[in-house]
Amino acid sequence: QVQLVESGGGLVQAGGSLRLSCAASGRTFSSYAMGWFRQAPGKEREFVAAVSGSGGVTHYAGAVTGRFTISRDNAKNTVYLQMNSLKPEDTTVYYCAALDVPSPATMPRYWGQGTQVTVSS
């Protein structure tokens, strides 16, 4: 069992930056790929980014490529999402997830509770 706790969400102006963090419990953190997803009200949850267990492989959704960076620190059991050049359409709840592989097609094994990101125009 892996428990995930997100933090770092908040309110920011368009063009600004936020860094989300996701702290994981358990000794097997490095054995999981990790991902970030987001879900707006009334919409399906969508893939944002993923990173392999070692941190050497990453994947991004087209809408965030060049603006968001996913990284992880296995010594701290934490995965990060650095979000730059934020846009109002990035406003939604962001979820951390543990994955078998760093692919948007993979069904996550575990989810965090989510953290709200609001970008004002």
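As a convention, each chain's residues are numbered from 1 in the sequence order in which they are written. Whole-chain, interface and lining totals are the exception, using all residues; otherwise, since this is a predicted model, local features are given only for residues with pLDDT of at least 70 and side-chain atom pairs are given and counted only at 80 or more. Processing note: side-chain calculations cover all non-hydrogen atoms of the structure and skip hydrogens and water entirely.

Draft legend 1. Looking closely at the nonpolar core. Only buried residues count toward a nonpolar core, which is a set of Ala, Val, Leu, Ile, Met, Phe, Trp, Tyr and Cys residues joined through side-chain atoms within 4.5 Å. Classification of residues uses two cut-offs on accessible area relative to the type maximum, computed with a 1.4 Å probe and protein chains only: under 20% is buried, over 50% is exposed, and between them is partly exposed. Residues Leu 4, Met 34, Trp 36, Val 79, Leu 81, Met 83 and Tyr 94 are the most contacted members of the largest nonpolar core, which totals 34 residues. For helices the rule is a DSSP run of H or I covering at least 4 residues; for strands it is a run of E covering at least 2, with both sets numbered from the N terminus onward. Elements with a contribution of two residues or more to this core: β3 (18-24), β4 (33-39), β5 (46-51), β7 (68-73), β8 (78-83), β9 (92-99) and β11 (115-120). Contact between two residues is taken to exist if any of their heavy atoms lie within 4.5 Å; hydrogens are not considered. Those residues in contact with Leu 81, other than ones at most four positions away along the chain, are Leu 18, Arg 19, Leu 20, Trp 36, Val 48, Ala 49, Phe 68, Thr 69, Ile 70 and Tyr 94.

Draft legend 2. Spotlight on the packing of aromatic side chains. Here is the rule: rings of Phe, Tyr and Trp (six-membered ring for Trp) pair when centre to centre is within 6.5 Å. Planes less than 30 degrees apart are stacked, more than 60 are edge-to-face, and the remainder are tilted. Counted by the stated rule, this structure contains four aromatic pairs. Taken together, a centroid distance of 5.1 Å and an interplanar angle of 70° make the contact between Phe 37 and Trp 111 edge-to-face. Taken together, the residues span a long stretch of sequence, with Phe 37 in strand β4 and Trp 111 in strand β10 (residues 110-111) at a distance of 74 residues. Arranged with centres 6.3 Å apart and planes meeting at 85°, the rings of Tyr 95 and Trp 111 form a pair that is edge-to-face. Taken as a pair, Tyr 95 in strand β9 and Trp 111 in strand β10 lie far apart in primary sequence, 16 residues in all. Its relative accessible area of 14% is what places Tyr 95 among the buried residues. Here the aromatic cluster, defined as three or more aromatic residues joined through ring pairs, consists of Phe 37, Phe 47, Tyr 95 and Trp 111. Across from the ring centre of Trp 111, 4.3 Å away, lies the NZ or CZ of Arg 45, which sits over that ring. Counted as over-ring charges are cases with an Arg CZ or a Lys NZ within 6 Å of the ring centre that also lie within 35 degrees of the ring normal. In this arrangement the basic side chain of Arg 72 is found over the ring face of Phe 29, its NZ or CZ atom lying 4.4 Å from the centre.

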